[in-house]
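Each chain, written out:
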Amino acid sequence: MSILENVNSPKDIKKLNMTELEELCGEIRELMVDTVSKTGGHLASNLGVVELTVALHKVFDSPHDQIVFDVGHQCYTHKILTGRKDKFSTLRCEDGISGFTRPVESPHDIFSSGHSSTSISSAVGLAKAKALKGDKGKVIAVIGDGALTGGLAYEALNNSGNDNNNLIVILNDNNMSISANVGSMARNLNHIRISPKYYTFKSRVSRLLSKVPVVGTQVSRFITMSNQKLRKMMYHSTLFEDLGFRYYGPIDGHDLDALIDVLTVAKAHNHSVLIHINTVKGKGYNYAEKNPSKFHGIGKFNIETGEPLSSGETFSSQFGKTLVEMAKEDNRICAVTAAMSSGTGLNDFATLFPKRFFDVGIAEQHAVTFSSGLAKNGMIPFFAVYSTFLQRSYDQLIHDVAMQGLKVIFCIDRAGFVGEDGESHQGVFDTAYLMSVPRLTVFAPASFRELTKMMYDSAYIESNAVAIRYPRGSEAVVCSDYHYDGKDFDIFGDKTCSRCIVTYGREFSNCLNALDELEDTYIIKLNKIKPISKGVFHHLEKAKSIYFFEEGIKSGGVGECFGSLLVENGIKADYRHISVGNDFIKQASVARQFEIYNLDKAHIIKILSDQE
C-alpha cells in the first residue's frame, strides 16, 4: 500500500517519518502529472512546491494555522493533503475541484486566489485579526518570486514586519534571483540558525539574561544588535530585515529536513519571519523542468512525450504574428506584457525585437502607465494582457492613458469564457468597465482576419486609446464570403425581417449558425462595440423584436448600453438582453459555459422560437 493511500488529512502527515515523507512527495508528483495530463492545469509551479507543502502540514496545524497561497494555482499538493485526494481526478472539471484555492471546498482554503501578489496583504489582515482575538495560531503566506514583482506585495510587506508576531512569509524563489549567492560561510551560518537546538539554546540564554538585575536586559539588547549587524554583513541585502522580518535563507526548497527545521523555528518565533527558499519549477517531471513556462498552465498532454494533445492557430498566436509584421515596417511599434509573453503570443516578438519588447513583471498598473510614457514620446505601444488581469489597471487606464489623450493599444486576450480556470479568470468584466472610459475605442473581432485589420486600424487610423478584445483559442466558423473591411458593423440576412439579433465577437458565430434555422430574422454584428455607431439604429427602424446576445457581464455591458441607445434613438421594438447575468462563472468547458448561459446555438434558436 502506498503512503498516499493512508493520508486523508494533515493529521496523518504528522505520523510519518522522514523516509515516508520523501516517499509521499514522490507519490504526490506521480498523481499530479497523471491527473494534469488528463485535465490540464498549472503543473510546473505545483511540482516545485511539493516538499514545501508537505513540510508546512507536518509542522503547522491547518486550518487553525492559516496557509495562504499566492497565486492559488500552486495549491495542488495542499488539496491532496487536505481531504480532496479522492476528488483530485475532477480537477478543473465541471462540478469538480477548482485549480485554485476555494473556501467553499474546504476550511483549509482560506481565500479564493487566482490573481497574483495578494497573499501577504490578506495574511497581514488575518494575523492582525488573530492577535486582536488573542488567537496564538500562525498565518503563513506562500508567495512566489514572480508574484513579488507586483506592487501590492511590497505595500503589504511595508505594512507588516514588527507589528505581526504571528506572521510568516515564505518566498518561493524558483526563477529569478532575489538576492545574490551568499557563499559557503553564510550557508553554514544559516544552517546553524535554522537548527531547533540553536534556537532553543538562544531562547534559554535570553530568558536567563532577562533575570539578571540591571545589566541583563542591556546585554540581551547588545547581543540582538550585534546579530543584526552580523546578518547585514553576511547577507549583504537585508531588505526584509529592514522591513521588520527575521530573515532565513536561501534554503533548498526540496530538502525536507531543512524545511521542517526552519518552519519549526519560525513557528516558535515571537516575531514576524520571512523564509526564502529555492525551488525548481517542474521538479520531478523532466519535460516540465526543461520547459517550465510551457508547463506553467498547460492543456491535456502526452505524459511520455510532454507534448500537448491539441494545438493550432489561436487568437494569441495570430496577434503575435501580426505584431511582428507591423514591427518590421515601423520601428515605433512596441510590445508590453506583464509576465505573460508566452501566453499572449509575444515570444517571437521578444526574440526579433528585444529593444522594443518590455516584460514589466506581474505589474499591470505599471505596464499601463509605462505604456503611456512610451506613447507620449512617440512610440506605439501594444499592451497584451489577459482580460481578467486588466481589471487591476482600471485607474491607470483612465487617468494615465485616456485622460491624457494618448494612444496605447490594449490587446485583451482571453476575453469572454475561458473554461476550466474558473471564477477568477473569466474575461467577462472588461466590457462593463471599458464602456465607461471616455476617449477609448473598443473593437471585438470574431476572426483572425478581423483581428489583424483592427490592429492596423488601431495603430494608423484611430487617434486615441484603443482596446481590442478577443477570446482564448481558435477562431470559430464564419461566412466564407465575408470579408471585414473596417466597418463599424455588418448585417447578415434580410434587414426587412421583423426580428433582429445583435451581437459581437465570438458569440457572432453561434448566432450565425442559428440563423440558418430561424425565419424572419437577421443579424447585426458589431465590430466596434465602443462607441456604437449611430448608423446601426437606421437598420432597426422596422424591427419588432431585438435580441442582444452577449458573452459578457450584464450590468454595464454592451447590451445594456445598446438598450439605452435604442430608447434615445426612438426604437420601440421589444428588447431582450441575453448575457452572463451578474454572477461569477464556475469552471466548466467553454462549450458548457455557452450552454449554461443560453448563448449556444440551440438556446438561441429556442429563445427566438418561443417568441413566435
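Structural data are supplied above this passage.
In this text, all values refer to a predicted model and were calculated from it rather than measured experimentally.

A.B. asks: Got a minute to help me understand the overall build of the protein chain in this structure?
C.D. replies: Helix and strand content of the protein chain: 24 helices and 17 strands. Sorting the 612 residues of the protein chain into buried and exposed places 55% on the buried side. Counting contacts in the protein chain only where the partners sit at least 6 residues apart, residues at least 24 apart contribute 75% of the total. With the model as given, the accessible surface of the protein chain reaches about 26200 Å², and the carbon-plus-sulfur share is 51%.

A.B. asks: When you look at the side chain of Ser117 in this model, what are you seeing that I'm missing?
C.D. replies: Locating Ser117 in the fold gives a position in the loop between α5 (76–84) and α6 (119–133). Accessibility expressed as a relative area gives 2% for Ser117, which makes it buried. A polar contact is formed between the side chain of Ser117 and the side chain of Ser116, at a distance of 3.0 Å. Ignoring any residue separated from it by four or fewer positions in sequence, one finds Ser117 in contact with Asp70, Ala147, Gly150, Leu152, Ala153, Ile362 and Arg392.

A.B. asks: Explanation requested: α6 in the structure shown.
C.D. replies: In this model α6 runs 21 Å from its N-terminal to its C-terminal C-alpha over 15 residues, within 8% of the 21 Å that 1.5 Å per residue would give. Listing the buried residues of α6 in full gives Ser119, Ile120, Ser122, Ala123, Val124, Leu126, Ala127 and Lys130. Following α6 by one or two positions, Gly134 has its phi on the positive side, about 75°.

A.B. asks: Which parts of the structure should I look at to understand the pairing of strand β11 (residues 465–469)?
C.D. replies: Moving residue by residue along a regular strand, the side chains alternate between the two faces of the sheet. When you tally the buried positions in β11, you get five out of five residues, the bulk of the element. Alternating residues of β11 divide into Ala465, Ala467 and Arg469 and Val466 and Ile468, and every residue in both groups is buried. By the bridge criterion, four bridges tie strand β9 (residues 409–413) to β11 in an arrangement that is parallel. By the bridge assignment, Ile409 is partnered in β11 with Val466. Where strand β10 (residues 440–443) lies against β11, four bridges are found, and the strand directions are parallel.

A.B. asks: Which parts of the structure should I look at to understand the sheet that holds strand β7 (residues 357–359)?
C.D. replies: Hydrogen bonding along the main chain pairs the strands of a sheet, whether they run parallel or antiparallel. Across the sheet, seven strands lie side by side as β7-β6-β8-β9-β11-β10-β15; this open sheet has mixed pairing. Every other strand in the sheet has two partners, leaving β7 and β15 (528–530) as the edge strands with one partner each. Across this sheet, the average inter-strand angle for adjacent strands is 20°, counted without regard to direction. Note: strand β6 (residues 333–337) against strand β8 (residues 380–386), five bridges, orientation parallel. Paired with Ile333 across the bridge in β8 is Ile380. Along the sheet, helix α16 (residues 364–376) contacts β6, β7, β8 and β9; its crossing angle with β8, the most-contacted strand, is approximately 165°.

A.B. asks: Looking at this structure, I do not really get unusual backbone geometry. What am I missing?
C.D. replies: What is expected of a backbone is that most residues other than glycine have negative phi and most peptide bonds are trans. Along the chain, Ser62 connects to Pro63 via a cis peptide bond; the corresponding omega equals 10°. Cis geometry marks the peptide bond from Gly249 to Pro250; its omega dihedral reads -5°. Structurally, Pro250 can be placed in strand β4 (residues 246–252). Residues other than glycine seldom take positive phi values, yet Ser117 does so here, at roughly 75°. One non-glycine residue with positive phi stands out, namely Asn598, at about 60°.

A.B. asks: Honestly, the environment of Gly493 in this entry has me stumped. Any pointers?
C.D. replies: Inspection of the secondary structure assignment puts Gly493 in the loop between β12 (489–492) and β13 (499–504). Relative accessible area serves as the criterion here: at 55%, Gly493 is assigned to the exposed category. As for Gly493 and Tyr522, which are separated by 29 residues in sequence, their C-alpha atoms are 4.6 Å apart.

A.B. asks: How do you make sense of the pairing of strand β2 (residues 139–144) when you look at a structure like this?
C.D. replies: The element β2 is extensively covered by neighbouring structure, given that six of its six residues are classed as buried. Here β2 shows a buried face lined by Val139, Ala141 and Ile143 and a second buried face lined by Ile140, Val142 and Gly144. In this structure, strand β1 (residues 66–70) lies alongside β2, joined through five bridges in parallel fashion. Pairing of Asp70 across the sheet is with Ile143, part of β2. As judged from the six bridges shared by β2 and strand β3 (residues 167–173), these two strands associate in the parallel manner. Paired with Ile143 across the two strands is Leu171, which belongs to β3.

A.B. asks: Honestly, the sheet that holds β3 in this entry has me stumped. Any pointers?
C.D. replies: Read across the open sheet, the five strands follow the order β1-β2-β3-β5-β4; overall the sheet is parallel. Edge positions in the sheet fall to β1 and β4, since each of these pairs with one other strand and no more. For this sheet, the mean inter-axis angle between neighbouring strands, taken without regard to orientation, is 15°. The sheet contacts of helix α12 (residues 256–268) involve β3, β4 and β5 (273–278), and relative to β4 the element is tilted by about 170°.

A.B. asks: Sorry if this is basic, but what is going on with the environment of Ser116 here?
C.D. replies: Within the secondary structure, Ser116 sits in the loop between α5 and α6. Placed 45 residues apart in sequence, Ser116 and Val71 show a C-alpha to C-alpha distance of 5.0 Å. What Ser116 contacts, discounting residues up to four positions off in sequence, is Asp70, Val71, Ala147, Ile362 and Arg392.

A.B. asks: Can you help me understand the packing of helix α2 (residues 18–39) against α5 in this one?
C.D. replies: Across the interface, α2 lies against α5 with an axial gap of 11 Å and an inter-helix angle of 110°. The pairing of α2 with α5 is recorded here as roughly perpendicular in orientation. At the point where α2 passes α5, the crossing takes the right-handed sense. Here α2 contributes Leu24, Ile28, Leu31, Met32 and Val36 to the contact with α5, which in turn contributes Tyr76, Thr77, Ile80 and Leu81. Here the contact of α2 with α5 is built from residues that sort into eight nonpolar, one polar and no charged.

About the cut-offs
Residues numbered from 1 in each chain as written. Predicted model: local features only at pLDDT ≥ 70, side-chain atom pairs only at ≥ 80, totals over all residues. Heavy atoms only, no water. Helix = DSSP H or I, 4+ residues; strand = E, 2+ residues; numbered from the N terminus. Buried < 20%, exposed > 50% of the residue type's maximum accessible area, 1.4 Å probe, protein only. Contact = heavy atoms within 4.5 Å. Areas by Shrake-Rupley, 256 points an atom, 1.4 Å probe, with all protein chains shown as cover. Polar contact = N/O pair within 3.5 Å; in protein donor to acceptor, adjacent residues only side chain to side chain. Expected span 1.5 Å × (residues − 1). Pairing = 2+ DSSP bridges. Axes fitted to C-alpha atoms, helices over the stretch in contact; angles between N-to-C directions. Parallel < 35°, antiparallel > 145°, perpendicular 65-115°, else oblique. Left-handed = near helix turned anticlockwise from the far one by under 90°. Nonpolar A, V, L, I, M, F, W, Y, C, P; charged D, E, K, R; others polar.

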